[in-house]
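# Residue-level structural notes
As a plain string of letters, each chain reads:
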Amino acid sequence: MPFPVVFINCSLFPFLTWIRSGRKLYETRSRDTLRALVGQRVYLAETGRSGRPIVRCSCVIDHSMTVDAGCWHSLRSMHCVPFGSAYDWQQDTKKKVLYRLTDVQPVAPFPAPEGLRHGRVYMTY
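Now for a quick tour of the structure. On a predicted model such as this, the values are computed, not experimentally measured, just so you know. (Residues numbered from 1 in each chain as written. Predicted model: local features only at pLDDT ≥ 70, side-chain atom pairs only at ≥ 80, totals over all residues. Heavy atoms only, no water.)

## Regarding the overall build of the protein chain
- Along the protein chain, the regular secondary structure elements total 3 helices and 7 strands.
- For a compact globule of 125 residues, the expected C-alpha radius of gyration is about 14 Å, and the protein chain comes in at 14 Å, within 12% of that figure.
- Its C-alpha atoms give the protein chain principal-axis dimensions of about 40 × 25 × 25 Å.
- Counting every position in the protein chain, which comprises 125 residues, the buried fraction comes to 40%.
- Of all intrachain contacts in the protein chain linking residues separated by at least 6 positions in sequence, the fraction that spans at least 24 positions is 71%.
- A total of about 6800 Å² of accessible surface is found on the protein chain, and carbon and sulfur atoms cover 54% of it.
- Seen as two clouds, the 17 positive and the 9 negative side-chain charges of the protein chain have centres 4 Å apart. (Helix = DSSP H or I, 4+ residues; strand = E, 2+ residues; numbered from the N terminus. Rg over C-alpha atoms; globule rule 2.2 N^0.38 Å. Buried < 20%, exposed > 50% of the residue type's maximum accessible area, 1.4 Å probe, protein only. Contact = heavy atoms within 4.5 Å. Areas by Shrake-Rupley, 256 points an atom, 1.4 Å probe, with all protein chains shown as cover. Lys, Arg positive; Asp, Glu negative; His and termini not counted. Charge placed at Lys NZ, Arg CZ, Asp CG, Glu CD.)

## Considering the state of the cysteines
- Under the defined criterion, the tally for this structure stands at 0 disulfides.
- This cysteine, Cys10, is not joined by any disulfide, and Cys57 carries the nearest cysteine sulfur, 9.6 Å off.
- Residue Cys10 is classed as buried on the basis of its relative accessible area, which comes to 2%.
- The cysteine Cys80 is free of any disulfide, with Cys10 supplying the nearest cysteine sulfur at 12 Å.
- Overall, Cys80 belongs to the buried group, its relative accessible area being 8%. (Disulfide = S-S within 2.5 Å.)

## Comments concerning the sheet that holds strand 7 (residues 122-124)
- In space, the 7 strands of this open sheet follow the order 2-5-4-3-1-7-6, with mixed pairing throughout. The open sheet terminates on both sides in strands that have one partner only, identified here as strand 2 (26-29) and strand 6 (116-118). Adjacent strand axes in the sheet meet at a mean angle of 40 degrees, parallel and antiparallel pairs treated alike.
- Of the strand pairs in this sheet, strand 1 (residues 4-9) and strand 7 are connected by 3 bridges, and their pairing is antiparallel. (Pairing = 2+ DSSP bridges. Axes fitted to C-alpha atoms, helices over the stretch in contact; angles between N-to-C directions.)

Listed below in structure tokens is the structure:
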């Protein structure tokens, strides 16, 4: 059975550190790219630094929700996307998708092996 590895870009902000500490409860995307993984345990890999993605924890993607600007701003303390950053709500943004991350478990860091890529979003192996 394939095991998914979701890529978290940490080049600008330590999102994966925030997830592991319990500060960041929602992973965010501008499209519903993780829909197939809802309800599953996945590995989370840090990307955006030199070298291969490094897996640092696992979690369950409990559920997803599509939000408008008002909801996005009211949930900022839970998704932790810094105000005004490239990942924040933009003037042309119509929706964002939030994925609730539960049962976060740290793992001994290891380089993510190559597998079947699903764009730049995740891979299964």
